[in-house]
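Spelled out from the first residue to the last, the chains are:
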Amino acid sequence: MEALSIPEMIRTKRDGGALSSEQLRAFVQLVSNNNIQEAQIGAMLMAVWQKGMTPPEVETLTREMMLSGEVMSWPKEWAGLMVDKHSTGGVGDKVSLVLAPALAACGCKVPMISGRGLAHTGGTLDKLESIPGFNISQSAAQVQEILASVGCCIVGQTQTLVPADRVLYALRDITSTVDSLPLIAGSIISKKAAESLAALVLDVKFGRAALYKDLESAKELAKLLVEVGNQLGMRVGAALSRMDSTIGQRVGNSLEVVESLETLKGRGPDDLMELVTTLGGVLLVMSGLAADQSDGRRRIREAVMGGAALSKFQAMMEAQGVAKEAAATLCAAQSDYHRVLRKAEHQLELSSPADGVVVDVDGMALALVLHQLGAGRSKAGEPVNHSVGVELLVSLGQWVQKGAPWLRLHHEDPAPSQDQISRLQSALMLGAQENVRRKTLVAELLLPQEFMK
Ligand code: URA
């Protein structure tokens, strides 16, 4: 069985060869069963990052990752209603927290298997775990129960749900192997295929604060994700969306929960609402619950603005372990969120150095400092600090006066260094009104042929 020796597989990939289905199956099984050393997984990830994979290798890797755990099955009457959305990762990207309950309020079933923070990007699971009691570890049977009673749940990879991604995801984060087309495709599509979906929409981001910086590379990723999703039996649409600054005004796990709740109470920022309604609209059309994209967007907007999505979020929190009273406090019309969500020890306000218009906000610069201050991981499995984050106190295009507060940092001890403070300070840029970096958020929608109208 020389061909199945791990060093041999690593060498094959390192030298640019293709792995056989048998080799990929063996690798994924060894990863899932914990029968391989982390150094070997790291070496294989780096070899894949450098040499890529052929289309058949990507399909096999993804299928084997899906089969590493349970593939969920649903009652017949839910066929067609099973939908989900997944993002390739952003800064301040809290879309899932608003969209999953909005879709449930529109009659869909959303069994969302999500991820943790990856590289500089935030993770839905880390955000939800900032809510005391929220349990992201649910079995397939529990997921079905929650879908029957609530309509949506957001869970993580476990020993029984895509265990291979649980291991690979955590190790990619700390080995600089996140931005690899085959590894992203395997990671995202294996989770979604294990959900046995009828329709999936992908938010493929491009720009300064995304995994891929330019539209063309993001499009290549989107096409690969759609192709592998189709091969695994799902109807897949994709939105190519710009990720240069931040989505909304808050970045950091618990601060993003606050902004999601504000959005579910009808007070959300426009860019977040645009993504939620666009992505949700696509799913409602693909699942036959809306006549066209504008009808789909309208229904999602109504679910959010009318409070139905907030009720679903509250019910989902309770079903996933949050105490009734805490869930009610978070969902009250005027909530003191920090009665439930821990606040960081210190808040530091930074002020505008001059008069001017805010022309640009560098989401990547903000994310990198927050990562260093504890919002992200440098070791697999390490806890993150849920309370670290920033609030933007100004918006793009806003005129500010010298000395006016424009960014609030939430941090713990030790205090941020002078270098970190100046990097935060220069993430916001002043200039003239005509130079405001305001561009269309969703650059392109890639939909299955039958929905292209
Ligand atoms: N989200 C995932 O689940 N996996 C990736 O690789 C990137 C984003």
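Structure: see above.
Structural notes, computed from the coordinates.

Reading the values: rules and limits
Residues numbered from 1 in each chain as written. Predicted model: local features only at pLDDT ≥ 70, side-chain atom pairs only at ≥ 80, totals over all residues. Heavy atoms only, no water. Near = heavy atom within 4 Å. Polar contact = N/O pair within 3.5 Å; in protein donor to acceptor, adjacent residues only side chain to side chain. Areas by Shrake-Rupley, 256 points an atom, 1.4 Å probe, with all protein chains shown as cover. Helix = DSSP H or I, 4+ residues; strand = E, 2+ residues; numbered from the N terminus. Nonpolar A, V, L, I, M, F, W, Y, C, P; charged D, E, K, R; others polar. Salt bridge = Lys/Arg side-chain N within 4 Å of Asp/Glu carboxyl O. Buried < 20%, exposed > 50% of the residue type's maximum accessible area, 1.4 Å probe, protein only.

1. Overview of the site of the ligand
- Neighbouring the ligand are His 86, Ser 87, Thr 88, Leu 118, Tyr 169, Arg 172, Ile 184, Ser 187, Ile 188 and Lys 191.
- The separation between an oxygen atom of the ligand and a polar side-chain atom of His 86 is 2.8 Å.
- Arg 172 places a polar side-chain atom, nitrogen or oxygen, 2.8 Å from an oxygen atom of the ligand.
- In the complex, the protein chains occlude 96% of the 240 Å² of accessible area that the ligand would expose alone.
- Elements that contribute at least two residues to the shell around the ligand include exactly strand E1 (83-87), helix H8 (163-174) and helix H9 (181-194).
- With four residues, the top contributor of residues to the shell around the ligand is H9.
- Broken down by class, the residue content of the shell around the ligand amounts to four nonpolar, four polar and two charged.

2. Let's talk about the pattern of salt bridges
- All told, the structure shown has 32 salt bridges when counted by the stated rule.
- Here Arg 250 makes a salt bridge to Glu 391, at a shortest N to O gap of 3.9 Å. Separated by 141 residues along the polypeptide, Arg 250 in strand E6 (residues 250-251) and Glu 391 in strand E9 (residues 389-392) bring together distant segments of the chain.
- Its relative accessible area of 11% is what places Glu 391 among the buried residues.
- Across the pair Arg 342 and Glu 345 runs a salt bridge whose closest N-O atoms are separated by 3.9 Å.

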